[in-house]
Amino acid sequence: MSMLTPPGMGGKYRITGDKYPRMRRGRPRNRIVLAVVASVAAIGLIGWGSFQLVDVFTGGDKASAAGAKSGACEKRPSASPSPGKAAQKLPTPSQITVNVLNATARGGLAKDTADELKKRGFKIGDVGNATKAYDKKVKGPGILLGASAATEAALPVLGTQLTGAELKADKRAKPTEVDLIIGSGFKKLTKKPAADKALSALSHPKPKPSASGAGC
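The rules behind the values
Residues numbered from 1 in each chain as written. Predicted model: local features only at pLDDT ≥ 70, side-chain atom pairs only at ≥ 80, totals over all residues. Heavy atoms only, no water. Helix = DSSP H or I, 4+ residues; strand = E, 2+ residues; numbered from the N terminus. Buried < 20%, exposed > 50% of the residue type's maximum accessible area, 1.4 Å probe, protein only. Contact = heavy atoms within 4.5 Å. Pairing = 2+ DSSP bridges. Core = buried A, V, L, I, M, F, W, Y, C linked by side-chain atoms within 4.5 Å. pLDDT = per-residue confidence, 0-100.

An unreviewed UniProt entry lists the protein under the name LytR C-terminal domain-containing protein, from Streptomyces endophyticus.

K.L.:
For the overall build of the protein, give the residues involved together with the corresponding values.
P.N.:
Within the protein, the secondary structure is distributed over four helices and five strands. Of the regular secondary structure in the protein, the N- to C-terminal order runs α-β-α-β-β-α-β-β-α. Looking at the protein as a whole, 25% of its 216 residues qualify as buried. Within the protein, contacts between residues separated by at least 24 positions form 74% of all contacts whose residues are at least 6 apart in sequence.

K.L.:
Explain the pairing of strand β5 (residues 177–182) to me, and be specific about the residues and the numbers.
P.N.:
In terms of residue burial, β5 counts as a mostly covered element, since five of its six residues are buried. One ladder, built from six bridges, connects strand β1 (residues 97–102) with β5; its direction is parallel. In the strand pairing of β5, Val98 is matched with Val178. Relative to β5, strand β3 (residues 142–147) runs antiparallel, the two sharing four bridges. Note that in β5 the partner of Gly142 across the bridge is Ile182.

K.L.:
Tell me about the nonpolar core, and please be specific about residues and values.
P.N.:
By size, the foremost hydrophobic cluster in this structure holds 23 residues, and its most contacted members are Val98, Leu117, Leu158 and Val178. At the level of secondary structure, the elements contributing two or more residues to this core comprise β1, α2 (109–119), α3 (154–159) and β5. The residues contacting Leu117, other than those within four sequence positions of it, are Val98, Val100, Phe122, Ile124, Leu158, Gln161, Leu180 and Leu189. Counting eight residues, the second largest nonpolar core, distinct from the first, contains Leu101, Tyr134, Leu145 and Ile181.

K.L.:
A description of the confidence of the model for the protein should follow, citing residues and the corresponding values.
P.N.:
Per-residue pLDDT for the protein averages 76, and the proportion of residues at 70 or more is 55%. Long-range and interchain partners of residues 71–87, a stretch whose pLDDT sits below 50, account for 23 contacts in this model, where long-range means more than four residues apart.

This is how it looks when you write it as structure tokens:
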């Protein structure tokens, strides 16, 4: 009988041989703890991923709406007109006296031009040849000459009647008396419908569109 056989036991319960039975070691506690931590971490990752998916499909619009309510908005250019510069009070043609002077070698230009300007409501002053300072020296359609104060009043009004004319100022005192000096490039006055349209636009300028951002 082997020494491993308990007293009083024999037969089929007898243990024979000289080898000890191999006993299985118990599972260490640290492995159990690691397994539990890994499981909790995996569950947390799955839950966080599900939250992100829900936010992708539903949260984006809510965030945009919240941003809009908080006052964060994008500035966009506005097409609404802003008040432009107040229209300057200009003299009417009947308040302007025009001296029509011919600086070319062609005869009759001063008289014909003066007659047409009179039909358009301008007062006519002197009609004749230009002085030596301008005679045969004006290359373009003409020169409009007047006082410094006339450069933003009487001269632009007269300029609507002759496209391409040059505006110049001298030392005269009266701002409503101006000279039209006809140059070698002169053909004829601007057609009356176009001149009337230009005069209306000059007297009633349209406001400029604003580029400022629209409010939220």
